[in-house]
Amino acid sequence: MFQDNPLLAQLKQQIQENLPKKEGTIKATDKGFGFLEVDSKTSFFIPPPYMKKCLHGDKVKAIIRTEKEREVAEPEELLEQSLTRFIGRVKLFKGKLNVAPDHPQLKKLSLKAKTRKGIKSDDLKEGDWVVAHLIRHPLKGDNGFFVEISEKITDADDKIAPWWVTLAENDLPNSEPAGIDNWEIKDDADLERVDMTHVPFVTIDGESTKDMDDALYAKKTESGDFELTIAIADPTAYITPDSDMDKVARERGFTIYLPGRNIPMLPRDLADELCSLIENEVRPALCCSVTVSKDGVIGDDIKFFAANIKSHARLVYDNVSDWIENGSSDAWQPSKDIAEIVRDLYEFSKARAEWREKNAVVFPDRPDYRFELSEDNDVVAIHADMRRSANRLVEEAMITANICAGRTLKANFDSGVFNTHAGFKPEKIEEVVALINPNGELPFTAESIATLEGFAELRRWLATQETSYLDNRIRKYQTYSEIGNQPLPHYAMGLDLYATWTSPIRKYGDMINHRMLKAHVLGKEPVQTADETVGEELALHRKHHKIAERNVGDWLYARTLAGEVEKGTVFNGEIFDISRAGARVRLLENGAAAFIPGSLILANKERLACDGEAGMISIDKEVVYRLGDVLEVVLNDVNQENRSIVAKPVQVFEDVKKPDQAEATAE
């Protein structure tokens, strides 16, 4: 009888208006209750009845009231909806369509759903993967949550789900662009291509590579210097900046590389055939020639030009590496001419590598982890491929070519698509010095490491240390690599300029640089320049691609390693992150990331300290693990649904008090 009383309603409203309110983010638990996270130190309990009005990740304004002598939060107003477009799995309850979001904190939810026009609900089965959109939310005044299914991704039991679901989640294409019937050369009428088909260029790639975009030639002179020519495939000969195909390439940004498969930026008939530098086929190319001294110094005689070239040998990394390292290869024996070119290329690469080790920054060798898949998309094996002689040979040639492009673009246009890195965050430089040079005995100061030369010198010094602890510590103080149109240094590589143009089949930024370098060759204004937005566009593409690559990897690792828990297989794990909750390790045998909760290191929280800031884990104030340490671990749990791996150390720390602790307690 009181529920419709206007006086009581008015009184209730007045009480609510006088109660304190807080804004924060919803953190859900798997037990029905949740928390309003106001900041890193303040949170309020949300009882289960109130949680029914919100979702994990929602940003809300909530009323703070006291119930049963405890402050609780009641979400009142939605500030930012966490769930909009999302990936989910079909759930059928008594024939009614529902969707469970594919999110660790939301998997237990089942949201009522309908299908968008054109999708038949009868075609959807239990567990099918779909794209859905949240269209009703209780905090918007709606009666419960409601979603609309806009797309079916794949069937519940489809083994290709890791790829298709991840691509859909990141709103990325799952196939290459459509080609056209007749590709035509559309070069500037004034662009003359030098006939270099007689020059014995070679390509060196993986055995399965089809989009071969670089060919190399080197000749060692009597003085010991090297005359190097790099020829790069030229898709901009066929694609003009105003064409539909160019728009498609820009929208994609890069070829998407995922474990076991890739999604090309350009149509395969262009990337794998017409532009690919296939052996004995004449191809248009953009070339750069330069002299590199026997000491590895790049000369001032950088020359870019357009040419028609022909690869005289299609070589494979492992075969060339075997030949270089062992003097022979069972799978490949070069002709005298090709052997001389490969030998000169290898000597050039050693000279450049030695120069970079002394004057720039060389990254430590780490394996590339490669999934081998069966025809039905099961993981057959995970290979740890180390960079060998031939890989380094090609890498040094590409770095040299990109340095040449950076210098040329800066000198002629003071613009282009540059890869840059600004070193340490300015506000963190004093902390870096305090960590690296606490006693002032080393030549590293705040002023010196803010310069390119000082930063590179510090990185070289770190590479000589016995452990990678300090290197891991200061990485969090560094800025991220960026892509921009300004000719700025790349501190992480120790280079004053770096502009990539060596992968135009796979990178849209390289296509822009091709067009600008062609303008330099012609002595004209570029038909396309690098505007201020291109860096942000490409960086966003790269971010989504890296997330997709990592997510597919996590999925495949969980699927592949699930059986190792029962087997008790011992792995070597390198610690790459430490937080209050524990440590994250990289399994060196296969590249999988696993989490070690503090409770599996030592159950007694009072004795254990996980210090993310210092990068250390201590027991009884004695350091037991640091960033960069390698320890033996076994897998404790592999959750295929959440694609997560939990490990624990083989070494057990017993939960017993030390004698002095026991005595102190007794006293």
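Just so it is clear, the structure is predicted and the values come from calculations on it, not from any experiment.

**Remarks on the overall build of the chain**
Phase 1 of the analysis: Counting its regular elements, the chain contains 16 helices and 29 strands.
Phase 2 of the analysis: Seen through its principal axes, the chain has C-alpha atoms that stretch 100 × 75 × 50 Å.
Phase 3 of the analysis: Each of the 667 residues in the chain was classed as buried or not, and the buried ones make up 47%.
Phase 4 of the analysis: Side chains of the chain give 87 positive and 114 negative charges; the mean places of these two sets differ by 5 Å.

**Digging into the domain arrangement of the chain**
Phase 1 of the analysis: Partitioning the chain into domains gives domain 1 (6-80), domain 2 (85-158), domain 3 (194-422 + 479-549) and domain 4 (568-649).
Phase 2 of the analysis: Measuring from the centre of the C-alpha atoms in domain 3 to the corresponding centre in domain 4 gives 38 Å.
Phase 3 of the analysis: Domain 3 puts four residues into the contact, and the matching count from domain 4 is six residues.
Phase 4 of the analysis: Both faces combined, the contact of domain 3 with domain 4 buries some 360 Å², and carbon together with sulfur accounts for 46% of it.
Phase 5 of the analysis: By the criterion of area lost to domain 4, the three top residues of domain 3 are Arg366, Tyr369 and Ile382, representing 91% of everything that side buries.
Phase 6 of the analysis: The partner of Arg366 in a salt bridge is Glu574, and the shortest N-O contact between them spans 3.1 Å.
Phase 7 of the analysis: For the pair domain 3 and domain 4, the interface holds two residue pairs in polar contact (both at pLDDT 80 or more).

**Regarding the sheet that holds strand S26 (residues 616-619)**
Phase 1 of the analysis: Taken in spatial order, the three strands of this open sheet run S25-S26-S27, and their pairing is antiparallel. On the outer flanks of this sheet lie strand S25 (608-611) and strand S27 (622-626), each paired with one strand and no other. For this sheet, the mean angle separating the axes of adjacent strands, direction not counted, is 25°.
Phase 2 of the analysis: With four bridges connecting them, S25 and S26 associate as antiparallel partners. Looking at S26, one finds that Cys610 is bridged to Ile617.

**A look at the UniProt feature "domain: S1 motif" (unreviewed entry) in the chain**
Phase 1 of the analysis: Here, UniProt's "domain: S1 motif" (unreviewed entry) annotation points to residues 568-650.
Phase 2 of the analysis: Taken end to end, residues 568-650 comprises 5% helix and 60% strand; its first and last C-alpha atoms sit 10 Å apart.

**Brief notes about the pattern of salt bridges**
Phase 1 of the analysis: Throughout the structure, instances matching the rule amount to 42 salt bridges.
Phase 2 of the analysis: A salt bridge links Arg250 to Asp531; its shortest N-O distance comes to 3.4 Å. You can see Arg250 sitting in helix H4 (residues 244-252) and its partner Asp531 sitting in the loop between helix H12 (508-522) and helix H13 (534-561), a full 281 residues away along the chain.
Phase 3 of the analysis: For Arg250, a relative accessible area of 21% puts it in the partly exposed group.
Phase 4 of the analysis: Given a relative accessible area of 33%, Asp531 falls into the partly exposed group.
Phase 5 of the analysis: Two residues, Arg607 and Asp620, come together in a salt bridge whose shortest N-O distance is 2.6 Å. Of the two residues, Arg607 is situated in the loop between helix H15 (598-601) and S25 and Asp620 in the loop between S26 and S27; the sequence distance between them amounts to 13 residues.

**Focus: the sheet that holds strand S8 (residues 111-115)**
Phase 1 of the analysis: The strand order S6-S7-S8-S10-S9 describes a closed barrel built from five strands, whose pairing is mixed. Each strand of the sheet is rotated relative to its neighbour by a mean of 55°, with strand direction disregarded.
Phase 2 of the analysis: Two strands pair when backbone bridges link them, and strand S7 (residues 96-101) and S8 are joined in this way by two bridges, in the antiparallel orientation. In the sheet register, Asn98 faces S8, and the bridge partner there is Lys112.

**Remarks on the nonpolar core**
Phase 1 of the analysis: Judged by nonpolar contacts, the single largest core of 82 residues is most densely connected at Ile309, Leu315 and Trp501.
Phase 2 of the analysis: A total of eleven residues in this core trace back to one element, the largest contributor, which is helix H8 (residues 389-413).

**Observations regarding the state of the cysteines**
Phase 1 of the analysis: Here the structure, examined in full by the defined rule, presents zero disulfides.
Phase 2 of the analysis: Free of any disulfide, Cys275 has its nearest cysteine sulfur in Cys287, 14 Å distant.
Phase 3 of the analysis: Taking relative accessible area as the criterion, Cys275 reaches 2% and is therefore assigned buried.
Phase 4 of the analysis: With no disulfide partner, Cys288 has as its closest neighbouring cysteine sulfur the one in Cys404, 4.1 Å distant.
Phase 5 of the analysis: Looking at Cys288, the relative accessible area reads 0%, which means it is buried.

**Things to note about the environment of Asp39**
Phase 1 of the analysis: Inspection of the secondary structure assignment puts Asp39 in the loop between strand S2 (34-37) and strand S3 (43-46).
Phase 2 of the analysis: Sequence-wise, Asp39 and Val624 are 585 residues apart; in three dimensions their C-alpha atoms are separated by 31 Å.
Phase 3 of the analysis: Polar contacts involving the side chain of Asp39 include one to the main-chain amide nitrogen of Lys41, which spans 2.8 Å.
Phase 4 of the analysis: For Asp39, the side chain forms a polar contact with the main-chain nitrogen of Thr42, separated by 2.7 Å.

About the cut-offs
- Per chain, the residues get numbers from 1 upward, laid out in the order the sequence is written.
- In keeping with the predicted nature of the model, local features appear solely for residues at pLDDT of at least 70, side-chain atom pairs appear and are counted solely at 80 or more, and the whole-chain, interface and lining totals rest on all residues.
- Calculation of side-chain values draws on the structure's entire complement of heavy atoms; hydrogens and water are dropped beforehand.
- In DSSP terms, a helix is any run of H or I states spanning at least four residues, a strand is any run of E spanning at least two, and both are numbered starting from the N terminus.
- Partly exposed describes any residue whose relative accessible area lies between the buried limit of under 20% and the exposed limit of over 50%, with all areas from a 1.4 Å probe on protein chains only and scaled to the type maximum.
- Only four residue types enter the charge count: Lys and Arg as positive, Asp and Glu as negative, with His and the chain ends excluded.
- We put the charge of a Lys on NZ, of an Arg on CZ, of an Asp on CG and of a Glu on CD.
- What marks off one domain from the next here is an automatic or database domain assignment.
- Throughout, a contact is declared for two residues whenever any of their heavy atoms are within 4.5 Å.
- The term buried area refers to how much accessible surface (probe radius 1.4 Å) is lost by two components on association, counted for both of them together.
- When a carboxyl oxygen of Asp or Glu lies within 4 Å of a side-chain nitrogen of Lys or Arg, that pair is called a salt bridge.
- Polar contact is the term for a pair of N or O atoms within 3.5 Å; when the atoms are in protein, one must be able to donate a hydrogen and the other to accept it, and sequence-neighboring residues count only if both atoms are side-chain atoms.
- At least two DSSP bridges between two strands are needed for those strands to be called paired.
- Axis angles are defined between N-to-C directions and span 0 to 180 degrees, where every axis is a line fitted to C-alpha atoms and, for a helix, only to the segment in contact.
- UniProt positions are given in the numbering used here, feature names are shortened, and annotations may be inferred rather than shown by experiment.
- Working definition of a nonpolar core: buried Ala, Val, Leu, Ile, Met, Phe, Trp, Tyr and Cys residues. They are joined through side-chain atoms within 4.5 Å.
- Pairs of cysteine sulfur atoms within 2.5 Å are what we label disulfides.

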